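An overview of the molecular structure
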Amino acid sequence: MSNLGGRLSRRGLMGHKALVGTLMLLVAVASAFPLIWMVLSSLKTPAESMQIPPVWIPRTPSLEAYEKVSGVINVSRSMWNSLLIASITTAGILVTSMMAGYAFAKYRFRGRTLVFSVLIGTMFLPPIVTLIPLYRVIGSIGLNASLAGVILPNLANAFGIFLMRQFISGVPDDLIDAARVDGASELLILFKIVAPSVAPAIAALALFAFVYHWNSYLWPLTVLQGNANAYPIVISLSRLLSYNRGAINTGLVMAGATLAVLPPLVLFVFLQRFFVDSIVSSAVKG
Amino acid sequence: MTSSYRASAGIMLAPAVTLIGVFVVIPMLLTVWLSFQDWSTQTPFSSVRFIGIDNFREIFGPTSIGRDFKGALVNTAIYTGLSVVLILPLSVLFGLLVYQRDVGGGTALRTVLFSTYMVPMIAVALVWSKLYAPTEGPINQMFSLAGVGPQPWLSSPRSALISIVFLNVWQQVGYFTVLAIAGLTQIPGSLYEAATLDGASRTEQFRFITLPLLRRTLLFSAVIAIINAVQVFEPVALITQGGPVGSTNVLTFHIRRVGIERAQGGLGSAMAVMLMLALIMVVCALFAFMNRRDSE
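Computed from a predicted model, the values in this text were never measured in an experiment.

Here we come to the overall build of chain B. Helices and strands together make up the secondary structure of chain B, namely 13 helices and two strands. Oriented by its inertia axes, the alpha-carbon framework of chain B measures out at about 75 × 70 × 40 Å. A separation of at least 24 residues holds for 63% of the contacts in chain B among residues at least 6 apart in sequence. Here chain B has roughly 12,700 Å² of accessible surface; of this, 66% comes from carbon and sulfur atoms. The averaged location of the 13 negative side-chain charges in chain B is 4 Å from the averaged location of its 18 positive side-chain charges.

Structure representation (structure tokens):
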């Protein structure tokens, strides 16, 4: 970056570098500390959790806390529920967003701007605004306390449509017209020709949707009231609340938190390039 | 392709428009309609009784319903204001740290910062409730190493809300840092070169080039940060239950408690309508403010 080659003496530059380096280190440590502490604490024995001054790094890492978590909540069932919710929702969002994004990017039709504006407007609506009637709507179609009730209302969202429209707009019309001349149907064109050329954006949307719905809490909590068999991991975790007082159960609570954090974090570490690119494009192009 | 693809447009839009229509737009309109009705969430929509603006009178009235709602409105405003005021400057500072090329490791720092955004809020709440623990909690332990006495954090009405703001800032700042970096990459390097030739110091370059050209990014960030902040729910539901003495009773938590748990659907809807109006007003005010500064 050119501005940092500004007028600084050699000593000034060294001092500047030291300051920047120190700041970066401090920020990284502060940012990473809670999660590192979470993992370390999940590996401590109850005795170690209680010690004052605290033991930062467990001397004999043990998985005892993880075993105890499975005694309190049904870990495999909850993880499975989370996986179902997140992956089915993501698949739905991908299909509906690609279709609508394609229509907004490549068709001219009456009311296009109006429909698009209304859809995008919903992006800025906090979920609590619709929660009460939505709860009743889902109940009245008999989907209360079921995974279907959690999934159905989220199968389409404005952010996905917006993102897909942005990227599909960049696909050359010639490519699409050529396929039309060959007699390909519009759906075939979308999934066989347009989709591959916006693959990175689709990957980004998939990851966003998956992580968002893996993590989502308010809606499943509201719909699933009482049906513990259908709880995703984030709701099951709140059962650990009663173990939250006192230091003795810190390991247990942190083991549960680690389990819930792991899938989204692992996905992120491997695929962060897509995440960052799509945020940047949604901000810059928007 | 105008007319021959009209049918295709309909087919392509149908799934998304139907889903968003039925599960977002109609419920939003229902919220507005229900806010003028006396209605229990346990009963069908057909059991409503029109009562005009009584719900709104009640939520701003002198009874406990009014006091609780006004408290939640104020708490949410404080929480949102503090979150934005902390997140925006930090995101610019961290963005500069990631973007600069004098010291390596920028991309690694970005990864660390952004990773917190992937963590489910419920896990954030669990971890931070332990970090904040009064005696054995790491934060107070580190304070005592620095010679500072233990702080009450979540257990005192004076510090509980700000403690939740801190955990929110920790979780979200990485996302806004990425937005800030996106804004920084849009600023032409030639501006800095010219400024350097003119003898402008780095502080001056930041003040007169970086900040003004980041304005659009910051406006976008502010809007997103506000909308995210009013959604705070998990830490309150999990740790504080709105307490101590109502100090963390925020709107999302309060509206759900009234509208779902107490099944007072009409009252809850009136509160949701007020939240929506407040958001629209704040966002419009932000845009008006920016436009005025643009035209000056």
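Moving on to the interface of chain B and chain A. If you look at the interface, chain B gives 97 residues, while chain A gives 101 residues. Around 8,900 Å² of area is buried between chain B and chain A when both sides are counted, 78% of it from carbon and sulfur atoms. Linking chain B to chain A there are zero salt bridges. Put simply, chain B and chain A have 10 residue pairs in polar contact (both at pLDDT 80 or more) between them. Top contributing element to the side of chain B that touches chain A by residue count: helix α1 (residues 6-34) of chain B, with 18 residues. When its residues are assigned to classes, the side of chain B that touches chain A shows 60 nonpolar, 27 polar and 10 charged.

Counting residues in each nonpolar core, the largest one holds 184 residues, and the members touching the most others are Y102 of chain A together with W128 of chain B. Summarising the domain contributions, this core has at least three residues from each of domain 1 (2-65) and domain 2 (74-285) of chain A. If near-sequence neighbours (up to four positions away) are discounted, W128 of chain B is found in contact with P34 of chain A together with I139, L167 and W170 of chain B.

As a further point, take the packing of helix α3 (residues 64-99) of chain B against helix α7 (residues 160-185) of chain B. All names here are of chain B. Where α3 contacts α7, the two axes come as close as 6 Å, and the packing angle between them is 40°. In this view, α3 runs oblique relative to α7, as classed from their interaxial angle. Seen along the crossing, α3 lies across α7 with a hand that is right-handed. For the contact of α3 with α7, a count of residues per class yields 22 nonpolar, eight polar and no charged.

Right, let's get into the side chain of T41 of chain B. Counting through the fold element by element, T41 of chain B comes out in the loop between β1 (37-38) and β2 (49-50). Once residues within four sequence positions are removed from consideration, T41 of chain B is found in contact with I132, Y135 and R136 of chain A together with G259, A263, Q264 and G265 of chain B.

Counting across every chain of the model gives three cavities of 30 Å³ or more. Its volume calculated, the largest cavity comes out at about 130 Å³. In terms of lining residues, the largest cavity is bounded by 13 residues, among which W37, K44, S49 and T250 of chain A together with E136 of chain B are the most central. Residue assignment for the lining of the largest cavity shows that the elements contributing at least two residues are α1 (10-42) and α2 (46-50) of chain A. The residue inventory of the lining of the largest cavity, partitioned by class, reads five nonpolar, four polar and four charged. Its volume calculated, the second largest cavity comes out at about 60 Å³.

Mapped onto this structure's residue numbering, the UniProt feature "domain: ABC transmembrane type-1" (unreviewed entry) falls at residues 73-288 of chain B. For residues 73-288 of chain B, helix accounts for 74% and strand for 0%, while the C-alpha atoms at its two ends are 23 Å apart.

Further remarks concern the domain arrangement of chain A. Residue and element names in this part refer to chain A. Taken domain by domain, chain A comprises domain 1 (2-65) and domain 2 (74-285). At the junction of the two partners, domain 1 supplies 10 residues and domain 2 supplies 11 residues. Buried area between domain 1 and domain 2, both sides added, is near 860 Å², and the carbon and sulfur share of it is 81%. Counting across the interface, domain 1 meets domain 2 through zero salt bridges. Summed over the shared surface of domain 1 and domain 2, the result is zero residue pairs in polar contact (both at pLDDT 80 or more). Elements with a minimum of two residues in the side of domain 1 that touches domain 2: α1 and α2. Classifying every residue of the side of domain 1 that touches domain 2 by side-chain character gives seven nonpolar, three polar and no charged.

The next point concerns the confidence of the model for chain A. Residues and elements named next belong to chain A. For chain A, the average pLDDT comes to 89, and 93% of its residues sit at 70 or higher. Considering each helix and strand of chain A separately, the mean pLDDT is smallest for α2, with a value of 79, and largest for helix α7 (residues 147-151), with 97. Counted against residues more than four places away or in other chains, residues 1-6, with its pLDDT under 50, gives 16 contacts.

Attention now goes to the layout of surface pockets. Size it by volume and the second largest pocket reaches roughly 630 Å³. When residues of the lining of the second largest pocket are traced back to their parent elements, those giving at least two are α1 of chain A together with α3, α5 (121-131), α6 (138-145) and α7 of chain B. If you tally residues by element for the lining of the second largest pocket, the top one is α1 of chain A, at six residues. Among the residues making up the lining of the second largest pocket, the classes are represented as 20 nonpolar, one polar and no charged.

Cut-offs applied
- Residues numbered from 1 in each chain as written.
- Chains lettered and ligands numbered in written order.
- Predicted model: local features only at pLDDT ≥ 70, side-chain atom pairs only at ≥ 80, totals over all residues.
- Heavy atoms only, no water.
- Helix = DSSP H or I, 4+ residues; strand = E, 2+ residues; numbered from the N terminus.
- Contact = heavy atoms within 4.5 Å.
- Areas by Shrake-Rupley, 256 points an atom, 1.4 Å probe, with all protein chains shown as cover.
- Lys, Arg positive; Asp, Glu negative; His and termini not counted.
- Charge placed at Lys NZ, Arg CZ, Asp CG, Glu CD.
- Buried area = accessible area lost by both parts, 1.4 Å probe.
- Salt bridge = Lys/Arg side-chain N within 4 Å of Asp/Glu carboxyl O.
- Polar contact = N/O pair within 3.5 Å; in protein donor to acceptor, adjacent residues only side chain to side chain.
- Nonpolar A, V, L, I, M, F, W, Y, C, P; charged D, E, K, R; others polar.
- Core = buried A, V, L, I, M, F, W, Y, C linked by side-chain atoms within 4.5 Å.
- Buried < 20%, exposed > 50% of the residue type's maximum accessible area, 1.4 Å probe, protein only.
- Domains from an automatic or database assignment.
- Axes fitted to C-alpha atoms, helices over the stretch in contact; angles between N-to-C directions.
- Parallel < 35°, antiparallel > 145°, perpendicular 65-115°, else oblique.
- Left-handed = near helix turned anticlockwise from the far one by under 90°.
- 1 Å grid on protein atoms, 1.4 Å probe; cavity = no way out; pocket = protein on both sides within 12 Å on 5 of 7 lines; lining within 4 Å.
- Points joined across faces, edges and corners; volume = space filled by probe spheres on them.
- UniProt positions renumbered as here; feature names shortened; annotations may be inferred.
- pLDDT = per-residue confidence, 0-100.

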